[in-house]
Amino acid sequence: MKTVILGLGNPILYDDGAGCEAAEQLRRWVVAPEVEIRTASVGGLRILDEITGFDKAIIIDALMTGRTEPGTVTKMSVEELSGDLHASCLHDLSFSEALKLGKMMGMMIPEQITIYGIEVADPYTLQEGCSSAVLDGVGEAVKRIKEDLVEEH
Amino acid sequence: MKQIKIDPITRLEGHGKIDIFLNDDGSVANAYFQVPELRGFEKFCQGRPVEELPRITTRLCGVCPEAHHLASAKACDAVYGVDIPPTAKKLRELLYSVFFAADHAVHFYILAGPDFVCGPSAPVAERNILGLIAKVGIDAGKRVIKHRAQAQEIIQALGGKKIHQVSSIPGGVTIGLKDEDRQKWIGYCKDFVEFGQFTIKVLHDIVIANKGYVDLILSDAYTHKTYYMGMVDQNNKVNFYDGMIRVVGPDGKEFAKFEAKDYLQHIAEHVESYSYLKYPYLKQVGWKGLVDGPQSGVYRATPLSRLNASEGMATPLAQAEYEKFYETLTGDKTGRTPVHQTLATHWARVIELLYAAEHALELMSDPSVCDTDIRTIPKNIPHEGVGVVEAPRGTLYHHYVTDNKGIVTDANLIVGTTNNNAAISMSIKKAAQGVIKPGVEVTEGILNMVEMAFRAYDPCFGCATHTLAGQMPLEINLRNPRGEIVKVFRRS
């Protein structure tokens, strides 16, 4: 099964880079040729470009609900994804709309899409790295994704 | 009306917020919008080699990394006092034109189109790209997707990376163009021009042919007479990559024309306690508050502004449409009488899309774009430089100061949307006053008509980041004269 692990987020926006950091940590561990690791700082349609052509996608992103402690990891499906993720720009499609559009246009959208959200505290300050609580969350997400991959392969 | 203190947006909310204050009779007294702002850019840049900034600043925006990459590279050229070779300039401009055509297409079909094709008060579930495709046919959707894919292939090759470009460096570019690629991409650029013409036709068939929409565009609720800013070439034609910044007044007369490096002589920034985002204004007119007219320094920098600030388009098909635009909306096809209607920005954007496509084809058809002289090695001692490009949503300024080793000591940006902060606030208030009436229930459809004023600017506030949810969640609070929230609408 061709799988893409996509870390989303902005590595120069402090906690916002959590998804990219998790993907980079997994890059050091994953050697399976059918698994590709990618990172990107984009939204909507451009996310679609990164996952098209794969059977399965695991997306890791910063999450900001304010309802859980920073570092809390939440696994969810596309259906469970709401507008809760933090702000971006008006100029794009939502991810679920992009997926619907891709399917309508006959693009090869992964059958399985899993999202790992890492609760963050500050995704607005221009700074590299993440806060320590969020880094703990990154470690937790990496551990759970490894377990998923091991189970599958 | 009682004065009400508005708390700045809390970080946890992390999204755009519009507060509409109603009078006792239910009419609109005032409206404000607030957005989160990124912090610490200047500090982040300090101590870094300036040549790193064209790569770093692409991360500032998940929508227009190309604009930041090139404004930053131009600022670096200026810091080192280096003129880049003509071929390098053509290659940067080629990448940028292709990007512009793709970016404007996304806005028209995904963001603006649904309001007009599906109707401004159609149910939210239908008022989106999927609803649009259902109405205009799947072929339109396929053309949008194909156009994007072709544009991305060129951007990836010329920019070195698909998303966060790396090819522009102080003194030129690192990646040249092979003739075999050029031959192939001439075909793509011809497709872009055809796609631009197709989009113009869609706009005419669906929007301009509908009297109701034309009345809406021309209505006072969506009109502000402001100054307009845009970059122009030596013939005062619209240019996205290089030229002088031209400002015209509400009467269409040239008010200022200046080089990028002099921007601080012309633009100042006003601060309001309720907003993190500053309000740029024309220094020589002065800040008079959120009001329009010749006495107010509020200016706009949008596709509409670029057309108003210019004397035409540099390519034939776009010029023909430019004349049609002004003839229809002002009766003067020369464009010397500005169009003040905010919703006409959508039409202006499509004219720019066509110009970008035509210009990309011109550049791609020029065999000299494959020359190998693409970099001038900087030899001067670095000091200070300003780089400006027209980003899709407005004029983008990058300004860096370094020590004599090229280490950044100071940095300042004015991004596209920030230019329009005051005008966006004014447009929201006026649209709200125009569509919210005493005794009539405020529905989602009515609020969408308020949002349309905001959306015409194609705002991009975080100027920052991605997000899986994609759209910026927007919250609209209706408040009574005591400031109490009486109704909340959320779009996410």
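Preceding block: the structure.
We now turn to the structure provided with this report. (Residues numbered from 1 in each chain as written. Chains lettered and ligands numbered in written order. Predicted model: local features only at pLDDT ≥ 70, side-chain atom pairs only at ≥ 80, totals over all residues. Heavy atoms only, no water.)

### Comments concerning the pattern of salt bridges
Should their charged atoms come close, side chains of opposite charge can pair. Tallied over the full model, the rule gives 32 salt bridges over all chains. The partner of Asp191 of chain B in a salt bridge is Lys146 of chain B, with the nearest N and O atoms 3.5 Å apart. Taken together, the residues span a long stretch of sequence, with Asp191 of chain B in helix H7 (residues 179–208) and Lys146 of chain B in helix H6 (residues 138–159) at a distance of 45 residues. Residue classification places Lys146 of chain B among the partly exposed residues on the basis of a relative accessible area of 46%. Among the ionic pairs, Asp220 of chain B bridges to Lys430 of chain B, the shortest N-O distance being 3.4 Å. Here Lys430 of chain B lies in helix H14 (residues 421–435) and Asp220 of chain B lies in the loop between helix H8 (211–218) and strand E5 (227–232), a separation of 210 residues in the sequence. Through salt bridges with shared partners, a single network forms among Glu36, Arg38 and Glu50 of chain A together with Lys162 of chain B. (Salt bridge = Lys/Arg side-chain N within 4 Å of Asp/Glu carboxyl O. Helix = DSSP H or I, 4+ residues; strand = E, 2+ residues; numbered from the N terminus. Buried < 20%, exposed > 50% of the residue type's maximum accessible area, 1.4 Å probe, protein only.)

### Overview of the sheet that holds strand E2 (residues 35–40) of chain A
Residues and elements named next belong to chain A. As summarised here, the arrangement of the five strands in space is E2-E1-E3-E5-E4, forming an open sheet in which the pairing is mixed. Whereas interior strands pair on both sides, the edge strands pair on one side only; in this sheet they are E2 and strand E4 (73–77). Here the average twist between neighbouring strands, direction ignored, is 20 degrees. Two elements, strand E1 (residues 3–8) and strand E3 (residues 56–63), share five bridges in a ladder whose sense is parallel. Looking across to E3, one finds that Val4 is bridged to Ala57. Packing against the sheet, helix H1 (residues 18–27) makes contact with E1, E2, E3 and strand E5 (112–119), and its axis sits at approximately 150 degrees to E2. Each of E1, E2, E3 and E5 is contacted by helix H2 (residues 44–51), which is oriented at about 145 degrees to E1, the strand it contacts most. (Pairing = 2+ DSSP bridges. Axes fitted to C-alpha atoms, helices over the stretch in contact; angles between N-to-C directions. Contact = heavy atoms within 4.5 Å.)

### As for the packing of aromatic side chains
What the rule picks out here adds up to 16 aromatic pairs over all chains. Ring geometry for Phe116 of chain B and Tyr213 of chain B: centres 5.3 Å apart, planes at 90 degrees, overall edge-to-face. A residue pair is termed long-range when its members are at least 10 positions apart, and Phe116 of chain B in helix H4 (residues 86–117) and Tyr213 of chain B in helix H8 qualify at 97 residues. For Tyr213 of chain B, a relative accessible area of 12% puts it in the buried group. Between Tyr227 of chain B and Phe255 of chain B, the aromatic rings sit 5.1 Å apart at their centres with planes inclined by 65 degrees, giving edge-to-face as the arrangement. Taken together, the residues span a long stretch of sequence, with Tyr227 of chain B in strand E5 and Phe255 of chain B in strand E7 (residues 254–258) at a distance of 28 residues. Put simply, the rings of Tyr96, Phe99, Phe100, Phe240 and Tyr355 of chain B touch in pairs and so form one group of aromatic residues. The ring of Phe54 of chain A carries the charged tip of Lys2 of chain A above its face, separated from the ring centre by 5.1 Å. Across the ring face of Phe44 of chain B, the terminal group of Arg48 of chain B is positioned such that the distance to the ring centre comes to 4.0 Å. (Phe/Tyr/Trp six-rings, centres within 6.5 Å; stacked < 30°, edge-to-face > 60°. Lys NZ or Arg CZ within 6 Å of the ring centre and 35° of its normal.)

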